[in-house]
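Residues per chain are reported as follows:
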Protein chains: 2
Amino acid sequence: MAGWKNLDTLEAYRALAASEHRVDLREVLAGEAGAERVKKYCVPMACGLAYNYASKQVDEEILGMLAALAEESELAGKFEELYNGAMINTGEKRLVLHHLTRGQLGDPVVSDGVDKRAFYTGEQAKIAEFAAKVHAGEICNAAGEKFTTVVQIGIGGSDLGPRAMYIALENWARANDCLLMDAKFISNVDPDDAVSVLNTIDVAHTLFILVSKSGTTLETLTNEAFVKNALTEAGLDPSCHMIAVTSETSPLASSSDYLAAFFMDDYIGGRYSSTSAVGGAVLSLAFGSDVFDRFLCGAAEADKLAALADPMKNPAMLDALIGVYERNILGYESTAVLPYAQALARFPAHLQQADMESNGKSVNRFGEPVDYKTGPVLFGEPGTNGQHSFYQLLHQGKDIVPLQFIGFRENQTGIDVDIQGSTSQKKLGANVAAQIVAFACGKEDDNLNKNFDGGRPSSIIIGDQLTPESLGSLLAHFENKIMFQGFLWNLNSFDQEGVQLGKVLAKRVLAHETDGALREYADMLGI
Amino acid sequence: MAGWKNLDTLEAYRALAASEHRVDLREVLAGEAGAERVKKYCVPMACGLAYNYASKQVDEEILGMLAALAEESELAGKFEELYNGAMINTGEKRLVLHHLTRGQLGDPVVSDGVDKRAFYTGEQAKIAEFAAKVHAGEICNAAGEKFTTVVQIGIGGSDLGPRAMYIALENWARANDCLLMDAKFISNVDPDDAVSVLNTIDVAHTLFILVSKSGTTLETLTNEAFVKNALTEAGLDPSCHMIAVTSETSPLASSSDYLAAFFMDDYIGGRYSSTSAVGGAVLSLAFGSDVFDRFLCGAAEADKLAALADPMKNPAMLDALIGVYERNILGYESTAVLPYAQALARFPAHLQQADMESNGKSVNRFGEPVDYKTGPVLFGEPGTNGQHSFYQLLHQGKDIVPLQFIGFRENQTGIDVDIQGSTSQKKLGANVAAQIVAFACGKEDDNLNKNFDGGRPSSIIIGDQLTPESLGSLLAHFENKIMFQGFLWNLNSFDQEGVQLGKVLAKRVLAHETDGALREYADMLGI
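Residues numbered from 1 in each chain as written. Chains lettered and ligands numbered in written order. Predicted model: local features only at pLDDT ≥ 70, side-chain atom pairs only at ≥ 80, totals over all residues.

K.L.:
Give a description of the overall build of chain A that names residues and reports values.
P.N.:
Within chain A, the secondary structure is distributed over 18 helices and 15 strands. Its C-alpha atoms give chain A a radius of gyration of 24 Å, near enough to 24 Å, the size a compact globule of 527 residues would have. Reported as C-alpha extents along the three principal axes, the dimensions of chain A are approximately 70 × 60 × 55 Å. In chain A, buried positions account for 63% of the 527 residues. (Helix = DSSP H or I, 4+ residues; strand = E, 2+ residues; numbered from the N terminus. Rg over C-alpha atoms; globule rule 2.2 N^0.38 Å. Buried ≥ 20, exposed ≤ 12 C-beta atoms within 10 Å, placed from the backbone.)

Encoded structure:
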């Protein structure tokens, strides 16, 4: 059994905190030694990706201390416990099994007599069979016509991850003749969200996926009612247009309101559910289950690397350690995720949930307050768009914001245009390379308004192309990074008690059981 | 002439910094006194909006000190100088005239013999005439058919603001029978961005707007080539499908490549250009010029309030002052913008540019380094979506993040559904009311994992409905808030030198004129 200790009680952390040694990026990246560093500070990731940390403020001395921290913190042992089925989510007394949706890293995990890997793959097989029938027209609308559109109704983890993954692969799928159905998403309880989506689809040819683990999510049930109204008004039977993704114990599981129900369980947190039936149904319907399988394979490969004990061979662990160094030793407050791929437009929004909901906490896994910073604010937009937006602050603002770039050598569609001697894809790559060096090395100017201090750290994940495999690898990398950071901070990264109070108060407002300030706010909002 | 001084040299600021007086939100919001505070701490904004700051950590004492700061910093006088045509953008030696696109607050501003208000309104009249002809089918495609879609090609300020405004009004326009053309946007140099948009439109019925003030923006010219290829391949004449929005001196201005050209000038920064021809062309084509006029009226009304010297009657000035108090005295590092309206989905991304590019700086307007924090990191997503994502960190994370909520009493489409005794719109409003109180007041629990400390500040802008007028008012509020914060921090909020270095290095990469680390990064990215 690994020992769960607060970060600031670890000797390796104390050594790190006591060290005054710092790395000046302008020095270490200068000249040909800088080029060598760029080559050397690079760890292979799964599916042809690589994690390059040459522009992070680390060197052999700091990496050595981080490796000692990884060892003392027993990161590899804790992950092993997790994937072998220990009750890592202590607050909710749950196992943490999302890795099992894409592979088996250790022992079979049996819970209530069920082999969980078999359960998850079984659901995926059911989804694959269902999707194939939809694509073949065997499951079709009342007029015998094929469904052409799929709409996911869900919020939080039932929305952000699957939506980001769909957007990430939509162009790739179109270019590779496997965009089998268009996908749309309804999430917000704002009625205009559902109205907006319903305005742009033909409900007669649309299959809706209701996604709620508990079957009680306010937003999702409300939006289901919206959709049922729309179907009924169009003279259609809602139960012939809807499927459910839920837990076996939910009220949705056995309802005749749905064509079919596919299952997840309490051991997969919403923000980690993209590789479960939550992502599986919509992605298998949109792209075919073989594409979803490739996505799972990519994630499984990344998980295997995450199981290695040596952080220099484990990119997720190394990324986590450097992030903790930046947050707790260097004192940086937020992190920007900057994919140079328009297809990853919503990937930062998904990571925002995955990271901030997992590690945005102030008490450790035993419910005791911690005296050190935990998860940072995370934000981001695709490059080059961000360059024409908030990069001003990143380059010259008062706070240093660590950056996570992502870039690919090839675009997804294979279509490009050559202008002034280079393709758009080359321009995109040139920009991300230039930004890394501009942030790290800066440029002196006597006019301080045009001066760049440099010393602003970044890492980059580089791959050939954003494919189902590399997307799965990328997703799992960040999931595992977040998990390792939770281990380092001694948090329970798998509950989210911070979302409860708002729900309780909102119910009170709707029941008109309020007084004081809350009543007044509710009045102002016309409740 | 106003005196431009660093924030930390002002007596009022020193008094604020020396004061140990703090407001405990749990105390001031308790009981019926809390309800009174919610009523009282509310300033009318333009077009029926109100800025409520009852859950900010201020009271009469702090507000008094902030008012003194506003006076000593001569905020009203500086704004007056700005709108009367002083050279406020000192770095680039430019006037700052975006307010003139929507109204005339002071003296006529004449530059090079041109009345600038007349120039901007003249361009808007030309756009209105052009849009009317497109809508009437007088300007049409080669087959004599109407254009049905408009695509804006631009990046940064030519993209984020116009796109956010279009999304904000799309459902409203559909519900009010004034969605005259669908609008799409191409921004990123990533070739897949253009391919993706071109895949979803019928180019034969599409009008493209090329937006670049200089006429030299890399991304925009590259994407123009993409679009021209697509038009040519479809057997169409690109010059009959494209218009330009640019400056009169740009190479695009007199090109026969375009059906028409509409002008802005150097006195309108990209991030402040939504009310100029940059937003005017696409929004007038999409919704009709009368809708765009209503949007301008809303912004003009907000500007009038911003001209008032008393911060207690000037919501933008008050918002700015409270923000500086939070950033410089209370030490909060980032800000979240949380609109409870799906239509404002991209409004935070626009504000991210407007705010971070304006005030993410470390030198004052005289090029001297400042010793205090300036613009914060800004991020946000619509509620209730965010509640199921990053709110965990906002409620229970180690850092306090000030929050800017936005909410409306009515939705835009008028379509809603009643579930469990309330409409979706009421549920939306109940949630934002509940969140404000949950953040401010918290809830004690012996299980610290379920404990909420409270004391987390927020403000809310509340309105009846998101309409062209209220959207204009909302936009101008934030533009003016950012301007006032720039005045307080003694920054030039209207240049963006921080974006230059990356551009220079990217050109070098494309020309293969690199060595060391930059060459190595470029190699890795396949350049």
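K.L.:
Residues and numbers for the interface of chain B and chain A, please.
P.N.:
Counting from both sides, the interface comprises 128 residues of chain B and, opposite them, 127 residues of chain A. Per-element accounting of the side of chain B that touches chain A gives the leading share, 15 residues, to helix α15 (residues 424–441) of chain B. Counted by class, the side of chain B that touches chain A contains 55 nonpolar, 48 polar and 25 charged residues. (Contact = placed C-beta atoms within 7 Å. Nonpolar A, V, L, I, M, F, W, Y, C, P; charged D, E, K, R; others polar.)

K.L.:
Hey, could you go over the domain arrangement of chain A for me, with residue numbers and the actual values?
P.N.:
Many authors give the size of an interface as the accessible area that is lost as the parts come together. One can read the domain layout of chain A as domain 1 (112–294) and domain 2 (496–527). With centres defined by C-alpha atoms, the gap from domain 1 of chain A to domain 2 of chain A works out at 31 Å. (Domains from an automatic or database assignment.)

K.L.:
Residue-level account of the packing of helix α13 (residues 347–359) of chain B against helix α16 (residues 468–489) of chain B, with values.
P.N.:
Residue and element names in this part refer to chain B. Viewed as axis vectors pointing N to C, α13 and α16 meet at an angle of 15 degrees, and their least axial separation amounts to 10 Å. Judged by the inter-axis angle, α13 sits roughly parallel to α16. Where α13 crosses over α16, the handedness of that crossing is right-handed. The residues of α16 that touch α13, namely those facing Leu 351, Ala 354, Asp 355, Ser 358 and Asn 359, are Phe 478, Glu 479, Ile 482, Gln 485, Gly 486 and Trp 489. (Axes fitted to C-alpha atoms, helices over the stretch in contact; angles between N-to-C directions. Parallel < 35°, antiparallel > 145°, perpendicular 65-115°, else oblique. Left-handed = near helix turned anticlockwise from the far one by under 90°.)

K.L.:
Please give an account of helix α10 (residues 277–287) of chain B that cites residues and values.
P.N.:
One turn of the α-helix equals 3.6 residues, which is why residues spaced by three or four share an orientation. The element α10 of chain B is extensively covered by neighbouring structure, given that 11 of its 11 residues are classed as buried. Taken as a whole, α10 of chain B has its buried residues at Ala 277, Val 278, Gly 279, Gly 280, Ala 281, Val 282, Leu 283, Ser 284, Leu 285, Ala 286 and Phe 287 of chain B.

K.L.:
An account of α16 of chain B is needed here, citing residue identities and associated values.
P.N.:
Residues and elements named next belong to chain B. Given a rise of 1.5 Å per residue, 22 residues ought to cover 32 Å, and the 32 Å separating the end C-alpha atoms of α16 matches this to within 8%. Summarising burial for α16: 22 of the 22 residues are buried, a large majority. Backbone geometry just downstream of α16 places Asn 490 in the positive-phi region, at approximately 65 degrees. (Expected span 1.5 Å × (residues − 1).)

K.L.:
Account for the relation of the copies chain B and chain A, with residues named and values stated.
P.N.:
Mapping chain B onto chain A is achieved by rotating through 180 degrees and translating by 0.0 Å along the same axis, at an RMSD of 0.0 Å. Taken together, the rotation and translation describe the operation of a two-fold axis. Of the C-alpha atoms belonging to chain B, the one lying closest to the rotation axis is found on Phe 379 of chain B, 3.2 Å away. The residues that chain B uses at the interface reappear at the interface of chain A in 99% of cases, marking a shared surface. (Least-squares fit on C-alpha atoms with pLDDT ≥ 70 in both.)

K.L.:
Hey, could you go over the sheet that holds strand β5 (residues 149–153) of chain A for me, with residue numbers and the actual values?
P.N.:
All names here are of chain A. With respect to topology, five strands assemble into an open sheet ordered β6-β5-β7-β8-β9, the strand pairing being parallel. Two strands lie at the open edges of the sheet, namely β6 (182–186) and β9 (261–264), each paired on one side alone. The mean angle between the axes of side-by-side strands here comes to 20 degrees, regardless of whether they run parallel or antiparallel. Sheet topology note: the strand β8 (residues 242–247)/β9 ladder contains four bridges and is parallel. The partner of Ala 244 across the bridge, within β9, is Ala 261. (Pairing = 2+ DSSP bridges.)

K.L.:
A description of the sheet that holds strand β10 (residues 334–340) of chain A should follow, citing residues and the corresponding values.
P.N.:
All names here are of chain A. Read from one edge to the other, the open sheet built from six strands follows the order β1-β2-β15-β12-β10-β11, with strand pairing classed as mixed. Strand pairing shows two members of the sheet lacking a second neighbour, β1 (42–44) and β11 (377–379), which therefore form its edges. Pairs of neighbouring strands in the sheet enclose a mean axial angle of 15 degrees, with direction left out of account. As judged from the three bridges shared by strand β2 (residues 50–52) and strand β15 (residues 458–463), these two strands associate in the antiparallel manner. What sits directly across from Asn 52, in β15, is Ile 460. The strands that helix α13 (residues 347–359) touches are β10 and β11; relative to β11, the one it contacts most, it runs at about 165 degrees.

K.L.:
Break down the packing of helix α4 (residues 60–72) of chain A against helix α12 (residues 315–329) of chain A for me, citing the residues and quoting the values.
P.N.:
Residues and elements named next belong to chain A. The interhelical angle for the contact between α4 and α12, taken along N-to-C directions, is 110 degrees, at an axis separation of 10 Å. Put simply, α4 runs roughly perpendicular to α12. For the pair formed by α4 and α12, the contact residues are Ile 62, Leu 66, Leu 69 and Ala 70 on the first element and Met 317, Leu 321 and Tyr 325 on the second. Considering only residue class, the contact of α4 with α12 consists of seven nonpolar, no polar and no charged.

K.L.:
A description of unusual backbone geometry should follow, citing residues and the corresponding values.
P.N.:
All names here are of chain A. Here the residue pair Gly 383 and Thr 384 is connected by a cis peptide bond, since its omega of 5 degrees sits within 30 degrees of zero. Its place among the elements puts Thr 384 in the loop between β11 and α14 (391–396). In the Ramachandran plot, Glu 74 falls in the positive-phi region, its phi being about 55 degrees despite a non-glycine side chain. Take Glu 74: it is sitting in the loop between α4 and α5 (75–83). Although it is not a glycine, Lys 93 adopts a positive phi angle of roughly 50 degrees. Tracing the chain through its elements places Lys 93 in the loop between α5 and β3 (110–111). A count of 9 C-beta atoms within 10 Å places Lys 93 in the exposed class.

K.L.:
Which residues make up the pairing of β5 of chain A, and what values do they have?
P.N.:
Residues and elements named next belong to chain A. With five of its five residues buried, β5 lies for the most part within the structure. Residues Thr 149, Val 151 and Ile 153 point to one face of β5 and Val 150 and Gln 152 to the other, with burial holding for every one of them. Two strands pair when backbone bridges link them, and β5 and β6 are joined in this way by five bridges, in the parallel orientation. Its bridge partner lying in β6, Val 151 is registered against Lys 184. Handedness of the β5-helix α7 (residues 160–175)-β6 crossover: right-handed. In terms of strand pairing, β5 meets strand β7 (residues 206–211) through five bridges, oriented parallel. Its bridge partner being in β7, Thr 149 is matched across the sheet by Thr 206. (Right-handed = clockwise from strand over helix to strand, strands pointing away.)

K.L.:
Provide a residue-level description of the environment of Val 278 of chain A, including the pertinent values.
P.N.:
All names here are of chain A. Relative to the elements of secondary structure, Val 278 occurs in helix α10 (residues 277–287). Judged by local crowding, Val 278 falls into the buried class, with 29 C-beta atoms found within 10 Å. When the C-alpha positions of Val 278 and Lys 213 are compared, they lie 8.9 Å apart, and in sequence the two are 65 residues distant.

K.L.:
Residues and numbers for the environment of Ser 458 of chain A, please.
P.N.:
Residue and element names in this part refer to chain A. Inspection of the secondary structure assignment puts Ser 458 in strand β15. For Ser 458, a count of 25 C-beta atoms within 10 Å gives the class buried. As for Ser 458 and Asp 59, which are separated by 399 residues in sequence, their C-alpha atoms are 14 Å apart. Excluding anything up to four places from it in sequence, Ser 458 contacts Ser 55, Pro 402, Leu 403, Phe 405, Ile 436, Phe 439 and Ala 440.

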